[in-house]
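# Examination of the molecular architecture
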Amino acid sequence: MNVLFVNLLLALIWTFLTGSLTANTLLEGFVIGYLVLWLAGPLYGPTTYFRKFRQVVSFALFFVKELIIATFRVARVVIAREPDICPGIVAVPLDVKSSVEITLLANLITLTPGTLTLDISDDRRVMYVHAMHIGDIEQFRAEIKQGFERRVRELFYDADAADTYLGAGVSSYADTPD
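In what follows, the accompanying structure is described.

About the thresholds
- Residues numbered from 1 in each chain as written.
- Predicted model: local features only at pLDDT ≥ 70, side-chain atom pairs only at ≥ 80, totals over all residues.
- Heavy atoms only, no water.
- Phe/Tyr/Trp six-rings, centres within 6.5 Å; stacked < 30°, edge-to-face > 60°.
- Helix = DSSP H or I, 4+ residues; strand = E, 2+ residues; numbered from the N terminus.
- Buried < 20%, exposed > 50% of the residue type's maximum accessible area, 1.4 Å probe, protein only.
- Lys NZ or Arg CZ within 6 Å of the ring centre and 35° of its normal.
- Polar contact = N/O pair within 3.5 Å; in protein donor to acceptor, adjacent residues only side chain to side chain.
- Contact = heavy atoms within 4.5 Å.
- Pairing = 2+ DSSP bridges.
- Axes fitted to C-alpha atoms, helices over the stretch in contact; angles between N-to-C directions.
- Parallel < 35°, antiparallel > 145°, perpendicular 65-115°, else oblique.
- Left-handed = near helix turned anticlockwise from the far one by under 90°.
- Nonpolar A, V, L, I, M, F, W, Y, C, P; charged D, E, K, R; others polar.
- Core = buried A, V, L, I, M, F, W, Y, C linked by side-chain atoms within 4.5 Å.
- Patch = residues over 30% accessible without salt bridge, like charges linked within 9 Å, V, L, I, M, F, W, Y side chains within 5 Å.
- Areas by Shrake-Rupley, 256 points an atom, 1.4 Å probe, with all protein chains shown as cover.
- Salt bridge = Lys/Arg side-chain N within 4 Å of Asp/Glu carboxyl O.

## Some thoughts on the packing of aromatic side chains
- The full count for this structure, using the stated rule, is eight aromatic pairs.
- Here the aromatic rings of phenylalanine 62 and phenylalanine 148 are separated by 5.6 Å at their centres, their planes lie at 75°, and the arrangement is edge-to-face. Within this pair, whereas phenylalanine 62 is found in helix α4 (residues 49–79), its partner phenylalanine 148 is found in helix α6 (residues 137–156), the two being separated by 86 residues in sequence. Both residues of the pair, phenylalanine 62 and phenylalanine 148, belong to the buried class.
- Here a set of aromatic residues connected by ring pairs shows up, and it is made of Phe30, Tyr34, Tyr49, Phe50 and Phe53.
- When the ring centre of phenylalanine 62 is taken as reference, the NZ or CZ atom of arginine 151 above it lies at 3.8 Å.

## Structural notes on the side chain of threonine 115
- Structurally, the position occupied by threonine 115 is in strand β2 (residues 115–120).
- Side-chain polar atoms of threonine 115 contact the backbone oxygen of threonine 112, separated by 3.0 Å.
- Beyond its immediate chain neighbours, meaning those up to four positions away, threonine 115 contacts Ile109, Thr110, Val129, His130, Ala131 and Phe140.

## Focus on the sheet that holds strand β1 (residues 88–93)
- Pairing in this open sheet of three strands is antiparallel, and the strands run β1-β3-β2 from one edge to the other. With partners counted over all chains shown, the strands left at the sheet margins are β1 and β2, one partner each. Neighbour to neighbour, the strand axes of the sheet diverge by 30° on average, direction disregarded.
- In the sheet, β2 pairs with strand β3 (residues 126–131) via five bridges, with the strands oriented antiparallel. Residue pairing for β3: threonine 115 is matched across the bridge by alanine 131.
- The sheet strands contacting helix α5 (residues 99–111) are β2 and β3, and the helix crosses β2 at an angle near 145°.
- Of the strands in this sheet, β1, β2 and β3 touch α6, which is tilted by about 50° from β1.

## What about the packing of α5 against α6?
- With their axes 10 Å apart at the nearest point, α5 and α6 run at an angle of 140° to one another. Put simply, α5 runs oblique to α6. Considering only the axes of α5 and α6, their crossing is right-handed. From α5, Val100, Glu101, Leu104, Leu105, Leu108 and Ile109 reach across to α6, where they touch Ile144, Phe148, Glu149, Val152, Arg153, Leu155 and Phe156.
- Looking at side-chain class alone, the contact of α5 with α6 contains ten nonpolar, no polar and three charged residues.

## With respect to the nonpolar core
- Counting residues in each nonpolar core, the largest one holds 21 residues, and the members touching the most others are Leu105, Ile109, Met127, Val129, Phe140 and Phe148.
- When neighbours within four sequence positions are excluded, isoleucine 109 is seen to be in contact with Thr115, Leu116, Thr117, Met127, Val129, Ile144 and Phe148.

## So, a nonpolar patch on the surface
- On the surface, Leu27, Val31, Leu35, Trp38 and Leu39 cluster together to form a nonpolar patch covering roughly 540 Å² of accessible area.
- Note that valine 31 resides in helix α2 (residues 23–39).
- The exposure class assigned to valine 31 is partly exposed, which follows from its relative accessible area of 42%.

## What to know about the packing of helix α1 (residues 3–18) against α2
- Between α1 and α2, the shortest axis-to-axis distance is 7 Å and the interhelical angle comes to 130°. As judged from the angle between their axes, α1 and α2 are oblique. In this structure, α1 meets α2 at a crossing whose hand is right-handed. Contacts between α1 and α2 involve Val3, Leu4, Val6, Asn7, Leu8, Leu10, Ala11, Leu12, Trp14, Thr15 and Thr18 from the first element and Thr25, Leu26, Glu28, Gly29, Phe30, Ile32, Gly33, Tyr34 and Leu37 from the second.

In short, shape yes, function no, at least from these values alone.
Okay, structure coming up:
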């Protein structure tokens, strides 16, 4: 049985036992269910659920951190009497291949204040990104590739494989889901 499904089921059971259907109660139930499943792990064998769950939480925290930093950067530009901006459009070569990965990456970039995904090339190898401030184009590309793109890759694949894949500059990945 899928461990995520069991965790959600335990969260619902917790909610019914407490008699309170609120977001906090569901979250409490999910955390308690996660801990119970983690402790009972040897009973049902190996699973990638706990590693993937930590990756998703890490990814969400990374995005929130980047969102806060970008928000303050944009707010500083808006408040400044003489804003120091250098807008531009940058072509970012893509290592992610599947439609889901490209869509997630494009949405993350667009949701970050000060950047906007404009287009994806027809061959899906280049993403065009508009940014409010581009100091160094190569540094901007590296921030996207080593920040968002690497973490998107880790969500769909093993973290070590994603690092090796992006570090080696490989242009195809054998088990890319489409």
